[in-house]
Amino acid sequence: MRQTDAPSAEDMSIASGFERFYEVLRRLTPRSELSLTAASTLHRLQRSGPHRLCELHAPEGVSQPAMTQLVTRLEKEGLAKRGSDPDDGRAVVVTITDAGREAVARRREGRTRALSALLEQLPAEDHAAILAALPALDRLRDLMAEQPSAS
């Protein structure tokens, strides 16, 4: 692992490629009842379990009042629920509901169908290269999850 002050040309190219691919994924994601932040919050709750309300806003890049409003909306729609923290009854814990899990699954299924149609048009070598890159991308995601939140 190298450490420098300025990003390398390769790192700048990777960052640019991620930005372009992020734009593609956003376009492929079906328009649904969920905003990007709502979908991301539900996905976080599904992936890593219940969170204190005060812990959800920073990773999503929104203010705590905005997250409180979002959780209120998710709760009204039956996609999430609030409860008391068993370790501190004053704190609020947010949990995804079965309906929330279904909403995340529908969103992922729609995006997967759209992406699959594009992947079918790629040469087999490109498809294999993308598949081979997935473990490295997972490790990169894990490193990102270990970083302190930028707020």
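Shown above is the structure to which this text applies.
Predicted model only: the values in this text are computed from it and were never measured. (Residues numbered from 1 in each chain as written. Predicted model: local features only at pLDDT ≥ 70, side-chain atom pairs only at ≥ 80, totals over all residues. Heavy atoms only, no water.)

## Some remarks on the overall build of the chain
Thinking step 1. The helix and strand inventory of the chain stands at six helices and three strands.
Thinking step 2. Secondary structure elements of the chain occur, N-terminal to C-terminal, as α-α-β-α-α-β-β-α-α.
Thinking step 3. Of the contacts made within the chain by residues no fewer than 6 positions apart, 53% connect residues no fewer than 24 positions apart.
Thinking step 4. Counting every atom, the chain has about 10,700 Å² of accessible surface; 56% of that belongs to carbon and sulfur.
Thinking step 5. Mean positive and mean negative side-chain charge positions of the chain (21 and 22 charges, respectively) differ by 5 Å. (Helix = DSSP H or I, 4+ residues; strand = E, 2+ residues; numbered from the N terminus. Contact = heavy atoms within 4.5 Å. Areas by Shrake-Rupley, 256 points an atom, 1.4 Å probe, with all protein chains shown as cover. Lys, Arg positive; Asp, Glu negative; His and termini not counted. Charge placed at Lys NZ, Arg CZ, Asp CG, Glu CD.)

## A look at the sheet that holds strand E3 (residues 88–96)
Adjacent strands of a sheet form backbone hydrogen bonds with each other and so pair up, either parallel or antiparallel.
Thinking step 1. If you walk across this open sheet you meet the three strands as E1-E3-E2, and the pairing is antiparallel. Across the chains shown, the open sheet's two edge strands, defined by having one partner strand only, are strand E1 (51–52) and strand E2 (80–85).
Thinking step 2. Pairing of E2 with E3, which is carried by six bridges, proceeds in the antiparallel orientation. Of the residues in E3, the one forming a bridge with Arg 82 is Val 94. (Pairing = 2+ DSSP bridges.)

## Digging into the side chain of His 51
Thinking step 1. With respect to the secondary-structure elements, His 51 resides in strand E1.
Thinking step 2. At 2.8 Å, the side chain of His 51 forms a polar contact with the backbone oxygen of Gly 49.
Thinking step 3. Beyond its immediate stretch of four places on either side in the chain, His 51 contacts Arg 44, Leu 45, Leu 56, Val 92, Val 93 and Val 94. (Polar contact = N/O pair within 3.5 Å; in protein donor to acceptor, adjacent residues only side chain to side chain.)

## A look at the pattern of salt bridges
Thinking step 1. Evaluated as defined, the whole model comprises 10 salt bridges.
Thinking step 2. Across the pair Arg 52 and Asp 85 runs a salt bridge, and its minimum N-O distance is 2.6 Å. With Arg 52 in strand E1 and Asp 85 in strand E2, this pair connects stretches of sequence that are 33 residues apart.
Thinking step 3. Given the relative accessible area of 25%, Arg 52 is considered partly exposed.
Thinking step 4. Connected via shared salt-bridge partners are Arg 52, Asp 85, Asp 88 and Arg 90. (Salt bridge = Lys/Arg side-chain N within 4 Å of Asp/Glu carboxyl O. Buried < 20%, exposed > 50% of the residue type's maximum accessible area, 1.4 Å probe, protein only.)

## Considerations on the pairing of E3
Every regular strand shows the same layout, with side chains that alternate between the two sheet faces.
Thinking step 1. The sheet contact formed by E1 and E3 spans two bridges and is antiparallel. By the bridge assignment, Arg 52 is partnered in E3 with Val 93.

## Here's the deal with the nonpolar core
Proteins that are soluble and globular tend to have nonpolar side chains buried together.
Thinking step 1. Core analysis: the biggest nonpolar cluster contains 17 residues, and Leu 34, Leu 42, Leu 74 and Val 94 have the highest contact counts within it.
Thinking step 2. Listing elements by their share of this core, those giving two or more residues are helix H2 (36–48), helix H3 (53–60), helix H4 (64–76), E3 and helix H5 (98–119).
Thinking step 3. Residues within four places of Leu 34 in sequence aside, it is in contact with Ala 39, Leu 42, Leu 74, Leu 79, Ala 103 and Arg 107. (Core = buried A, V, L, I, M, F, W, Y, C linked by side-chain atoms within 4.5 Å.)

## Points about H2
Thinking step 1. Helix length check: H2 (13 residues) gives 18 Å between terminal C-alpha atoms against 18 Å at 1.5 Å per residue, within 8%.
Thinking step 2. Listing the buried residues of H2 in full gives Ala 38, Ala 39, Thr 41, Leu 42, Arg 44 and Leu 45.
Thinking step 3. Summarising the contacts, the buried residues of H2 are in contact with E1, H3, H4, E2, E3 and H5.
Thinking step 4. Just downstream of H2 lies Gly 49, where phi reads positive at about 85 degrees. (Expected span 1.5 Å × (residues − 1).)

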